[in-house]
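# What the coordinates show
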Amino acid sequence: MTLPTPELHTARLRLRPLDEADGEALYALHSSAYVMRYWDSPPWTDPARVGRFLATSRRIEEEGTGARLAVERLSDGAFLGWCGLTSWNPEFRSASLGYVFDPEAWGHGYATETAHAVLRWAFDTLDLNRVQAETDTRNVASARVLEKVGFVREGTLREDCVVNGVVSDSWVFGLLRREWQPEVVPTAGLRGGA
């Protein structure tokens, strides 16, 4: 079963399927040691990683296990990052949320606005009961984004990542359908919709 990647809109953003034209921006994002310092893999050093990333994005859509969306600012079409819903399990009605944003987009509420739009799609269209997210315990800003959209920190995975010899812990967050508050808009207002 395929899971067609939607196009979602918010007050300031357009979320759309990733495509080949995003390659340069994806490489710039994922090759930055600063951006990837809390990620569960090292920064990209080979531009061929872009092709593999896009191929994986198509594969998870075709397999029906997830969707990755490019995040564009409506005012100028700038690529800000991407957000994904992966490990979708229709039987358990669950999935995992993840995102990466360019540092120029940090601190403007774009990650929160994006997460809210993807969660609206997850709960309303995919009929999920639970969405999970993980973040490095040092990534306090990401933890705040998750809490703003309603996630609850459920525990700590101790020493679950080793990247370039650095061992780190991760926080596990969960958001249940019964806790989801779609009317709580984290920024200037969402127009939403698939």
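Right, let's walk through the structure included here. On a predicted model such as this, the values are computed, not experimentally measured, just so you know. (Residues numbered from 1 in each chain as written. Predicted model: local features only at pLDDT ≥ 70, side-chain atom pairs only at ≥ 80, totals over all residues. Heavy atoms only, no water.)

### Things to note about the pattern of salt bridges
Worth spelling out the cut-off: Note on definitions: salt bridges are taken to be side-chain nitrogens of Lys or Arg within 4 Å of carboxyl oxygens of Asp or Glu. Here a strand is any run of E in DSSP of at least two residues, a helix any run of H or I of at least four, and the numbering for each starts at the N terminus. Each residue's exposure class comes from its accessible area (1.4 Å probe, protein chains only) as a fraction of the maximum for that residue type: buried when under 20%, exposed when over 50%, partly exposed otherwise.
Applying the stated criterion to the full structure yields 13 salt bridges. Of the charged contacts in the structure, one is a salt bridge between E63 and R59, with a shortest N-O distance of 3.2 Å. Note that E63 and R59 are positioned in helix α2 (residues 48–63) at a spacing of 4 residues, about one turn of the helix. Classification of R59 by relative accessible area gives partly exposed; the value is 39%. Taking the shortest distance from any N to any O, the salt bridge between D136 and R138 comes out at 2.7 Å. Owing to a relative accessible area of 5%, D136 belongs among the buried residues under this scheme. By relative accessible area, which is 40% here, R138 ends up partly exposed. Within the structure, one salt-bridge network assembled from shared partners comprises E7, R14, R16, D19, D22 and E72.

### A word on unusual backbone geometry
In this structure, D127 takes a positive phi of about 60° despite not being glycine. By the secondary structure assignment, D127 is in the loop between α3 (110–124) and β6 (130–136). Judged by its relative accessible area of 39%, D127 is partly exposed. The backbone of E159 sits at a positive phi, close to 45°, despite the residue not being glycine. Locating E159 in the fold gives a position in strand β7 (residues 152–163).

### A few points about the pairing of strand β5 (residues 94–101)
Under the convention used in this document: In this analysis, strands are considered paired if DSSP registers two or more bridges between them. By convention, orient the strands away from the viewer: a clockwise path from the first strand over the helix to the second makes the crossover right-handed.
Taken across its 8 residues, β5 has 6 buried, putting it largely inside the fold. Across 7 bridges, strand β4 (residues 79–89) lies against β5 in antiparallel orientation. The partner of W82 across the bridge, within β5, is V100. From the end of β4 to the start of β5, which pair antiparallel, there are 4 residues, and R93 there has a positive phi angle of about 55°. Taken together, the 3 bridges between β5 and β6 define a ladder with parallel strand orientation. When the sheet's bridge partners are listed, S96 is paired in β6 with Q132. Note that the unit made of β5, α3 and β6 has a crossover that is right-handed.

### Side note on α2
Selection rule: For a helix, the expected span equals 1.5 Å multiplied by the number of residues minus one. Here, the arc refers to the directions that run from the helix axis to the C-beta atoms. Here, two residues are considered to be in contact whenever any of their heavy atoms come within 4.5 Å of each other.
Taking 1.5 Å as the rise per residue, α2 with 16 residues should run 22 Å; its terminal C-alpha atoms sit 23 Å apart, in good agreement. Of all the positions in α2, only V50, F53, L54, S57 and I60 are classed as buried. The arc enclosing the buried residues of α2, seen along the axis, measures out at 125°, which places them on a common side. Packed against the buried residues of α2 are α1 (23–30), β3 (67–73) and β4. Just beyond α2, the residue with positive phi is G64, at close to 75°.

### Examining the nonpolar core
Quick note on the threshold: By nonpolar core is meant a set of buried Ala, Val, Leu, Ile, Met, Phe, Trp, Tyr and Cys residues that side-chain atoms within 4.5 Å join together.
Core analysis: the biggest nonpolar cluster contains 38 residues, and L85, L97, V118, L128, V131 and F151 have the highest contact counts within it. Elements supplying a minimum of two residues to this core: β2 (13–17), β3, β4, β5, α3, β6, α4 (140–148) and β8 (166–176). Looking at this core, the element that brings in the most residues is α3, giving 9 residues. Dropping the residues within four chain positions of it, V131 is found in contact with L85, A95, L97, L119, A122, F123, F151, F173, G174 and L175. Judged by nonpolar contacts, the second largest core, of 13 residues, contains L26, L29, W44 and F79.

Bear in mind that shape data such as this cannot, by itself, settle questions of function.
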